[in-house]
Amino acid sequence: MTRNASMTLSDVPVGTRVRIRHLSSRPEVSRRLRELGFCENVVVRCITRGYGNIICEIHDARVGLNSRLAGGILVSHLE
Amino acid sequence: MPAWGSTAVWQGGSLSRIWSEVSVMGKRPATSGVPEPPGLIALVGNPNCGKTTLFNALTGLHQKVGNYPGVTVERKEGQVRFEDGSGTSILDLPGTYSLNPGSPDEEIATDILLGAATHTPAPDVVVCVVDASHLERNLYLVTQIIDRRMPVVVALNMVDLAEKGGVALDVKALSRELGVPVVPTVASRGEGIAGLKQAIFTTRTAGERSHCWRLPEPVERETEELVGLLHDVHRIPEPQALHEAINLLTSESATIDPLDRYAPEVIAHVRRDHAKLDFLGFDRRSVFVESRYAWIKTVCERTVRRSPSTRPPLSDRIDAVVTHRFWGLVIFVGLMALLFQIMFSWAALPMELIGRGFDLFSIWVQEVMPPGDLRDLIIKGGVAGVAAVVSFLPQILFLFLFLGLLEDTGYMARAALIMDRLMCKVGLHGKSFIPLLSSFACAIPGVMATRTIDNPRDRLATMLVAPLMSCSARLPVYALMIAAFIPTTRVLGVVSLPGLTMLSMYMLGLVMALLMAWIFKKTLLRGVPPVFIIELPPYRLPSPRSILILMGQRAWSFLKRAGTIILGASIILWFLASYPRLEGGAPATRLEHSFAGRAGKFIEPLIRPLGFDWKIGVGLVTSLIQREVFVSSMGTMYNIQDGQESDSGVSLPRKLREERNPVTGGPAFTVLTGICIMVYYVLAMQCLSTVAVMRRETNGWKWPLFQVGYMTVLAYVVTFAVYRIGMALGMGG
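Every chain begins its residue count from 1, and numbering advances along the sequence as written. Labels are handed out in written order, letters beginning with A for the chains and numbers beginning with 1 for the ligands. In keeping with the predicted nature of the model, local features appear solely for residues at pLDDT of at least 70, side-chain atom pairs appear and are counted solely at 80 or more, and the whole-chain, interface and lining totals rest on all residues.

Participant: What should I look at first to understand the overall build of chain A in this one?
Facilitator: The helix count covers DSSP runs of H or I at least four residues long, the strand count covers runs of E at least two residues long, and both are numbered beginning at the N terminus. A tally of helices and strands in chain A yields two helices and six strands. Starting at the N terminus and walking to the C terminus, you meet the elements of chain A as β-β-α-β-β-β-α-β. Only the C-alpha atoms count toward the radius of gyration. The rule for a globule is 2.2 Å times the residue count to the power 0.38. Expected size for 79 residues packed as a compact globule is a radius of gyration near 12 Å; at 11 Å, chain A falls within 12% of this value. By the convention adopted here, residues are in contact when the distance between their C-beta atoms, placed from the backbone, does not exceed 7 Å. Of the contacts formed within chain A by residues at least 6 apart in sequence, a portion of 58% connects residues at least 24 apart.

Participant: I keep staring at the interface of chain B and chain A and nothing clicks. Help me out?
Facilitator: Frequently, the measure chosen for interface size is the accessible area removed from exposure when the parts meet. Taken together, the contact between chain B and chain A spans 36 residues of the former and 30 residues of the latter. For the side of chain B that touches chain A, the secondary-structure elements that each account for two or more residues are α4 (135-147), α11 (284-303), α12 (314-322), α13 (327-346), α17 (411-425) and β12 (533-536) of chain B. In terms of residue class, the side of chain B that touches chain A is made up of 14 nonpolar, ten polar and twelve charged. Charged residues are taken to be Asp, Glu, Lys and Arg, nonpolar residues to be Ala, Val, Leu, Ile, Met, Phe, Trp, Tyr, Cys and Pro, and polar residues to be all remaining types, Gly included.

Participant: Explain the pairing of strand β5 (residues 61-66) of chain A here, please?
Facilitator: Regular strands have side chains that alternate between both faces of the sheet. Along β5 of chain A, six of the six residues are buried, which leaves the element largely enclosed by surrounding structure. Exposure in this text rests on C-beta crowding, where 20 or more other C-beta atoms within 10 Å of a residue's own make it buried, 12 or fewer make it exposed, and counts in between make it partly exposed. The C-beta atoms are placed from the backbone. Judged by which residues are buried, β5 of chain A turns out to be covered on both faces: Ala61, Val63 and Leu65 of chain A on one side and Arg62, Gly64 and Asn66 of chain A on the other are all buried. Judged from the six bridges that link them, strand β4 (residues 53-58) of chain A and β5 of chain A form a sheet pairing that is antiparallel. Within the sheet, the bridge partner assigned to isoleucine 58 of chain A lies in β5 of chain A and is alanine 61 of chain A. Joining the antiparallel neighbours β4 of chain A and β5 of chain A is a turn of two residues, in which histidine 59 of chain A adopts a positive phi near 45°. Strand direction decides the pairing type here: β5 of chain A and β12 of chain B, joined by four bridges, are antiparallel. Within the sheet, the bridge partner assigned to valine 63 of chain A lies in β12 of chain B and is glutamate 535 of chain B. Should DSSP find at least two bridges between two strands, the strands are taken to pair.

Participant: Looking at this structure, I do not really get the nonpolar core. What am I missing?
Facilitator: As a rule of thumb, soluble globular proteins bury nonpolar side chains together. Residue and element names in this part refer to chain B. Within the largest apolar cluster, 206 residues are counted, with the highest numbers of intra-cluster contacts made by Cys128, Val130, Val153, Val154 and Ala155. Three or more residues apiece are contributed to this core by two domains, here domain 1 (14-202) and domain 2 (217-281). Ignoring anything within four residues of it in the chain, the contact list for valine 154 reads Cys128, Val130, Val142, Leu178, Val180, Pro181 and Val182. If you look at the next biggest cluster of nonpolar residues, it comprises six residues, including Ile379, Ala384, Ala387 and Val390. Any set of buried Ala, Val, Leu, Ile, Met, Phe, Trp, Tyr and Cys residues joined through C-beta atoms within 7 Å is what this text calls a nonpolar core. Residue ranges assigned to the domains are those given by an automatic or database domain assignment.

Participant: Explain the confidence of the model for chain A to me, please; I cannot follow it from the model alone.
Facilitator: Any region with low pLDDT has predicted coordinates that should not be read closely. On a range of 0 to 100, pLDDT expresses the predictor's confidence in each residue. With 94% of its residues at a pLDDT of at least 70, chain A reaches an overall mean of 84. Strand β6 (residues 73-77) of chain A holds the highest mean pLDDT among the elements of chain A, 92, whereas helix α1 (residues 27-35) of chain A holds the lowest, 82.

Next up, the structure:
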């Protein structure tokens, strides 16, 4: 797909915008993520990274997720 | 490409069919005359969109808080008054992100909107509350509700904040795009409420569009076919059929269980569709969500103008500190320390005033009434018991003030995020933190707050341990024991021993709750590790009105309990501790002879190993209803035992200290007894209301009984261990 498709959301540096490529969590978790806007091809921006969690901006809302969940979201750099 | 919204798609009679269904759903199609008010209005929206503030603005104080039958999801109903003086019921549905529910909370909202709830009819008008600053996210639910072909009014809330954030909205264009009325509001200041009421009053039909968003053509064709098939075969109304068709096409495989509801030809069709769409390279799981969001994006591009700002938004700057890996924790601990400080120091004065008020009342009763059983009943039975409990009202108010502020400012979601790491260690969820924090006030709102946890096992584990957190009902017990037995010395010159003891009891409850949660998640409730995702609302100034309403509701339900259960229990105990009467004999012997005395004596062998005597036994038995009854029981018993006409002026703690052991002649209670009583109360489930809530919540007796069982065993074992260790250390003398 792209050269960076193996990067996950938990690796994204603060302030960087990336595009979601694939959700690799359990089906019911992925479904929930999609409805909250974490859909393939959507652009997210990492706002801050805390202790075991990450806050990102998606569809102009602020969403916090834990590292385990963020680790299941594959992303790539914007072209 | 034919659009969903165009009549071309719905030709062949389907459009007229939809209209006939719409008028059935709307119950009262708009007529040329003056419209009647709608029968039922539902308020829906994402969590944190200001829905409750809007509900308060629409209803004023005309609201009822209850529960939906069978679950502890809170049901908030109010009355909206229209201009012509007529009134209509309005329901504040639990916040939800979509019509595919992920938690019991969302399920209630979805069922009511879909007309599938047995307890509540489908609403006549749906008011979708939308946070103007977060239009993209909020419109997702709106498109799903518009698909349902219900009469919809969109309340574009918090437009003031959006404007401050540099977001300009074209309300008319938005209304045109969505095909439903849109009313801008600022609920916290009551702006736009009149316009919203007007729109609710006049909207009686669904929007003109059947369906505003678009799908890629092949997907759209298959969906449309499936909708037709579901309608023809199962007679499912079109809007419902669309919802089900999307779910069927999205499902992972065509063999999963909900398919049992459908005819074989429908299942065969779904399988063919799956194969076809997969072959064409569409990701069925995401295409529907993606299409909705894609359409929403174009709507936002046409209706929202953002002025470019050089500085990052205020919320981002606050979050950089508040959720920082180090400072975040410092701020969190600081806030919790402040909470305890407020609850224990600031509340002391109002608590004392309430206590004095009751004393004055007792003295007044004594003056105006002749001595006798009735006066005894009022003073020693009723007033003593109720006073012991009502004096905790200030603490409860402070706690809900604090929780309300945390919630309203948007900090609560951050606290859950910060606590997630710790909660994960014991196999729980960041969201479990809020129920546990609420349980410091009372396990009942705590158990109710678990409804936001979507995984049933995590939810159950949280409910099982929530009552281990020291609730405000334990405070009177701790306070009495500390006043009676813990010397007011200072440790290391700074910390007072009574304060330290109190803190230790809270910590014991917290540590035990985490330990038990870990054990449950390792054994009974094994499951996949929890994932945690939470929307963080932008920081904002709290609405004093909403917080005052919340505090008022909590205070009222607390006072109601004091006026019913506790008053009743106190009177019954007074009776049990006074009868059968033994003429002559010392008051202490008379107490021993009474029903309560006999019951206490009966269980004495069982509690003797914990260092408790039969009088404490009476307290333990009576406080099975509610923990604070222990204090009122002790008060009642020692008052009766004294045999004096009134309170002798000697405080209960002093009476406890001076109580003699009838065998040895030494003090009956020691520091160790006091500690053992506190430890027992930290861990034992002495609360009927919590048992009742658990039963309703888990829909059966199994879990509440298990909970009572494990907590009693835990309390007994730990107290026994503390007593034995204490004795060995020579604290028993």
